[in-house]
Amino acid sequence: MAKPPKLTIVADADALAQAAATHLMARLAEPRDRFAVCLTGGSSPEGLYRLLPSEPYRSRIPWERVHWFWGDDRFVPPNDARSNAGAARRLFLDRVAPPAANIHPIPTDADNVDAAAQRYAAELRAFYGTERLDPSRPLFDLVLMGVGNDGHTASLFPGQRQVDETERWAVGVPEAGMEPFVPRVSLTLPALASTREMLFLVVGRGKRQILARIMAGADLPAARAHAQGDLVWLVDREATPERRDVA
Ligand code: 6PG
């Protein structure tokens, strides 16, 4: 049985970045030979990404042992401003330059989104070591997630069939349900769930309404996200619904 989600409310975007970094550092302090962290796109994780190349984080992160993956990406070249991998590179990975073999972007040079999804799933399987996910051995140590105003998470949009995927680890998403309207590649809910911890990062007044709907039990992709381990919604005060917002 999945544990119920935990809601943590912090003052603002800066506090949220600090709190997210604290979660990451706690995971990376566990006694493991290697770690797998799944990054998210959008603006909400930017504060966290900016912190990582600075002290005290930079020297405490065991860069040689951490592998960086993405929960989704836009099907654009890595140097395109809309690329999630490109954003994380600019904000922290390029500033630290961990071993290149530890960085696992979604291959947007594939012929199409389905081919990219297949290649990424194969890369994840090779990293994990077996074909099937074993609940006692999660794929990821930490999965970062965001929520869109429509309730999407990763690139799993409400009403699209990819949300219901139960077998594949990654899927092509030919049509995005929200801007930027470029095709996407996304991990699926079961692959994302194979984690010791999932951390949603939610910032700003614009998220209040969708959070209210999720808290009221709406069936949306972000509400369906679950985790083998802890599921934490880290939300700043601006994004937190008032009691009257929750129907
Ligand atoms: C993407 C993201 C997406 C994002 C949400 C929230 O590629 O668009 O992975 O799922 O997390 O849309 O985005 P913001 O943080 O910008 O609100």
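Per chain, residues are indexed from 1 in the order of the written sequence. Totals for whole chains, interfaces and linings use all residues, but because this is a predicted model, local features are given only for residues with pLDDT of at least 70 and pairs of side-chain atoms are given and counted only at 80 or more. To get the side-chain values, take all heavy atoms of the structure and skip hydrogens and water.

Draft legend 1. Representation of helix H1 (residues 13-28) in the model. The way it works is that DSSP assigns letters per residue, a run of H or I at least four long becomes a helix, a run of E at least two long becomes a strand, and they are numbered from the N terminus. Expected helix span is taken as 1.5 Å per residue step, with the number of steps being one fewer than the number of residues. Here H1 is 16 residues long and its end C-alpha atoms lie 23 Å apart, about the 22 Å a rise of 1.5 Å per residue gives. Those residues of H1 not exposed but buried are Leu16, Ala17, Ala19, Ala20, Ala21, Leu24, Met25, Arg27 and Leu28. Exposure categories follow from relative accessible area, calculated using a 1.4 Å probe and restricted to protein chains: below 20% of the type maximum is buried, above 50% is exposed, and the middle band is partly exposed.

Draft legend 2. The sheet that holds strand E3 (residues 66-70), seen in detail. In this scheme, strands are said to pair when DSSP sees at least two bridges between them. In space, the six strands of this open sheet follow the order E1-E9-E8-E5-E2-E3, with parallel pairing throughout. Unpaired on one side and paired on the other, strand E1 (6-10) and E3 mark the two borders of the sheet. Strand-to-strand twist in this sheet, taken as the mean axis angle between neighbours without regard to direction, amounts to 20°. Sheet strands in contact with helix H4 (residues 84-96) are strand E2 (35-39) and E3, and its direction is about 145° off that of E3. All axes here are fitted lines through C-alpha atoms, helices being fitted over the stretch that makes contact, and every angle between N-to-C directions spans 0 to 180 degrees. In this analysis, two residues are considered to be in contact whenever any of their non-hydrogen atoms come within 4.5 Å of each other.

Draft legend 3. Expanded view of the pattern of salt bridges. We count a salt bridge whenever a side-chain nitrogen from Lys or Arg sits within 4 Å of a carboxyl oxygen from Asp or Glu. Inspection of the entire model under this criterion finds 14 salt bridges. Arg82 serves as the salt-bridge partner of Asp80, at 2.9 Å between the closest nitrogen and oxygen. Accessibility expressed as a relative area gives 17% for Asp80, which makes it buried. When the shortest N-O distance is used, the salt bridge between Glu131 and Arg125 registers 3.6 Å. Exposure remark for Glu131: the relative accessible area of 56% places this residue in the exposed category. For Arg125, a relative accessible area of 21% corresponds to the partly exposed category. Among the charged side chains, a network of salt bridges with common partners joins Arg27, Glu30, Arg32, Asp141, Arg196, Glu197 and Asp230.

Treat this as a map of the structure, not an account of what it does.
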